[in-house]
Amino acid sequence: MRYSGFSLIAQSLKGHAGWGPAWRDASPKSTYDVVIIGGGGHGLATAYYLASRYGVSNVAVIEKGYIGSGNAGRNTTIIRSNYLLSENIPFFESSMKLWEGLEQELNYNAMVSQRGALLLCHSDAQRDAFARRGNAMRLAGVDAEIMEVEQIRAMLPFLDYENARFPIRGGLMQWRAGTARHDAVVWGYARAADARGVDIVQNCEVTGISVENGRVVGVDTTRGQIKAKKVALAVAGNSSRVAAMAGLRLPIESHVLQAFVSEGLKPLLNCVLTFGAGHLYISQSDKGGLVFGGGIDGYNSYAQRGNLPTIEDVMEAAMGLWPALGRVRVLRHWGGIMDMSMDGSPIIDHTSVQGLYINAGWCYGGFKATPASGMCLAHLVAKDEPHPVAAAYRLDRFATGRLIDERGMGAQPNLH
Ligand SMILES: Cc1cc2nc3c(=O)[nH]c(=O)nc-3n(C[C@H](O)[C@H](O)[C@H](O)COP(=O)(O)OP(=O)(O)OC[C@H]3O[C@@H](n4cnc5c(N)ncnc54)[C@H](O)[C@@H]3O)c2cc1C
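Residues numbered from 1 in each chain as written. Predicted model: local features only at pLDDT ≥ 70, side-chain atom pairs only at ≥ 80, totals over all residues.

(A) Structural view of the overall build of the protein. Helix and strand counts for the protein come out as ten helices and 18 strands. Computed over C-alpha atoms, the radius of gyration of the protein comes to 21 Å, within 12% of the 22 Å expected from 2.2 N^0.38 for 416 residues, which places it in the range of a compact globule. Reported as C-alpha extents along the three principal axes, the dimensions of the protein are approximately 65 × 65 × 40 Å. For the protein, with 416 residues in total, the buried portion stands at 49%. Here the analysis covers contacts within the protein between residues at least 6 apart in sequence; of these, 75% occur between residues at least 24 apart. (Helix = DSSP H or I, 4+ residues; strand = E, 2+ residues; numbered from the N terminus. Rg over C-alpha atoms; globule rule 2.2 N^0.38 Å. Buried ≥ 20, exposed ≤ 12 C-beta atoms within 10 Å, placed from the backbone. Contact = placed C-beta atoms within 7 Å.)

(B) Looking closely at helix H2 (residues 41-54). End to end, H2 covers 19 Å across 14 residues, agreeing with the expected 20 Å (1.5 Å per residue, within 8%). The buried fraction of H2 is high, at eleven of 14 residues. Listed in full, the buried residues belonging to H2 are Gly41, His42, Gly43, Leu44, Ala45, Thr46, Ala47, Tyr48, Tyr49, Leu50 and Ala51. A positive phi of about 65 degrees marks Gly55, the residue just after H2. (Expected span 1.5 Å × (residues − 1).)

(C) Local environment of the domain arrangement of the protein. As assigned here, the protein comprises domain 1 (24-78 + 182-251 + 343-415) and domain 2 (114-176 + 253-341). Taken together, the contact between domain 1 and domain 2 spans 25 residues of the former and 22 residues of the latter. For the side of domain 1 that touches domain 2, the residue count by class is ten nonpolar, 13 polar and two charged. (Domains from an automatic or database assignment. Nonpolar A, V, L, I, M, F, W, Y, C, P; charged D, E, K, R; others polar.)

(D) Representation of the nonpolar core. By size, the foremost hydrophobic cluster in this structure holds 123 residues, and its most contacted members are Val35 and Ile37. Here this core gathers at least three residues from each of two domains, domain 1 (24-78 + 182-251 + 343-415) and domain 2 (114-176 + 253-341). (Core = buried A, V, L, I, M, F, W, Y, C linked by C-beta atoms within 7 Å.)

(E) Structural detail: unusual backbone geometry. Residues other than glycine seldom take positive phi values, yet Met111 does so here, at roughly 50 degrees. Relative to the helices and strands, Met111 resides in the loop between helix H3 (89-106) and strand S4 (117-121). For Met111, a count of 17 C-beta atoms within 10 Å gives the class partly exposed.

(F) Focus on the sheet that holds strand S5 (residues 145-147). Pairing within the open sheet is mixed, and its eight strands lie in the order S5-S6-S4-S13-S14-S15-S12-S16. The strands lining the two open edges of the sheet, one partner per strand, are S5 and strand S16 (330-341). Mean inter-strand twist for the sheet, computed between neighbouring axes without regard to direction, equals 25 degrees. Across eleven bridges, strand S12 (residues 252-264) lies against S16 in antiparallel orientation. (Pairing = 2+ DSSP bridges. Axes fitted to C-alpha atoms, helices over the stretch in contact; angles between N-to-C directions.)

(G) Summary view of the environment of Leu273. By secondary structure assignment, the location of Leu273 is in strand S13 (residues 272-275). For Leu273, a count of 25 C-beta atoms within 10 Å puts it in the buried group. For the pair Leu273 and Gln284, spaced eleven residues apart in the sequence, the C-alpha separation amounts to 9.7 Å. Once residues lying within four places of it in the same chain are set aside, the contact partners of Leu273 are Leu118, Leu120 and Ile282.

(H) Molecular detail of the pairing of strand S17 (residues 347-350). Where S17 and strand S18 (residues 356-360) come together, four bridges link them in antiparallel fashion. Bridge pairing in S18 places His350 opposite Tyr357.

(I) Structural context of the site of the ligand. Close contacts around the ligand come from 40 residues, with Gly38, Gly40, Gly70, Gly336 and Gly366 the closest. Sorting the residues of the shell around the ligand by element identifies H2, S12 and S16 as the ones contributing at least two each. A class-by-class count of the residues in the shell around the ligand yields 15 nonpolar, 20 polar and five charged. Taken domain by domain, the shell around the ligand gets at least three of its residues from each of domain 1 (24-78 + 182-251 + 343-415) and domain 2 (114-176 + 253-341). (Near = placed C-beta within 6 Å.)

(J) How the structure looks around the environment of Ile337. Along the polypeptide, Ile337 turns up in strand S16. A residue is classified by how many C-beta atoms lie within 10 Å of it, and Ile337, with 23 of them, is buried. Expressed as a C-alpha distance, the spacing of Ile337 and Tyr3, which sit 334 residues apart in the sequence, is 34 Å. In contact with Ile337, other than residues within four places in its own chain, are Ala236, Gly237, Asn238, Ser254, Val256, Tyr302 and Gln304.

(K) Examining the packing of H2 against helix H9 (residues 370-383) more closely. For the pair H2 and H9, the least separation of the axes is 7 Å and the interaxial angle reads 55 degrees. Put simply, H2 runs oblique to H9. Viewed along their axes, H2 and H9 form a crossing whose handedness is right-handed. In contact with Gly41, His42, Ala45, Thr46, Tyr48, Tyr49, Leu50, Arg53 and Tyr54 of H2, H9 contributes Thr370, Pro371, Ser373, Gly374, Met375, Leu377, Ala378, Val381 and Ala382. (Parallel < 35°, antiparallel > 145°, perpendicular 65-115°, else oblique. Left-handed = near helix turned anticlockwise from the far one by under 90°.)

Printed below as a string of structure tokens:
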């Protein structure tokens, strides 16, 4: 069923009894051309683009829980393409362009809101670094604007501009950046992929990857064995564990990242805001809650839950930037498992096992990448060659030393 104003009116006249399920709850078949492991945003987007752009629809997305139960449904929903390095800008900008047409393409309201993302700077050196980044973006055709303190003060009068340690010195604004509704992105891709014949198999955990003579031949799951000509991994925080099933050791560490939502407030924050002197990013949801997060936990973990030291750390940063937040109550708080690569940039590549592809290393930033990641992985799987905007995201760069060190922090995931 196509969603439209007319279908809404027609359904309302029938008491909304006629809406069908948005996608089928498929049972796994014994054989597929492509099996995608992971029903997060990236896995579902890959399935959608395989079917819609490359004509490959004998595809299953295998998800151990329910779709969107991983990071796709746990993130702080920020989308942007304000990167510095020439390997990253084209990829994230292609994602931004896909976001801009996504709702029309999927016929689904993903609540894409281009409200702007402002990175605050707190020293002259940081301002210079942001000017450099803004120039790199503009040279690559991406919008960027340096904002003066007085412009920011007029827009966001409640921030602490004279903070003794971290005075606000200006900011880098990308007006086309913003937020999107994370669950709706998952559901929109699922519905559109299902409509093109993709099987979305939930509550089905992959427990093994079968390899014969160096080539992948299928997967073992809790719902039986599935044969496949090609298998693609899109399991984010579980990448190392699932890749190990095929005998691969990845340059990925898993760490928890936590998110917070406050009680609903009247509209006061009209953009996404990032504190440049610590780790804090904050936006206001359409329901009024402030949605915010900070840095990853410093140790490796597969637990999808938060802890008190990080709460204290994030709240300190929030109070340093916006003191009145001390009066606001936090309502909810959770964690997701981040697939931290060693240079902070992602991997979309072949592996040493023929027919087995990997999409991982998304660190904090994989939600904004969802459309381009799906498109590039679909291209790689369908054509066996990298998509031009993701050609640098090679797995062997960690062996050859060609790191894409966007933040200049070296091979230390807790610093990215
Ligand atoms: C708190 C938090 C805040 C974030 N904020 C942002 C943000 O503001 N902007 C941004 O761009 N990014 C953000 N991110 C990162 C972003 O959410 C992720 O990088 C991105 O969602 C990862 O891709 P995915 O959606 O496919 O992952 P996931 O949704 O995690 O999908 C992977 C799926 O694989 C499944 N799976 C794992 N193992 C198996 C198995 N053996 N068999 C079958 N299925 C399996 C999991 O259940 C899961 O559903 C944030 C993440 C967190 C946790």
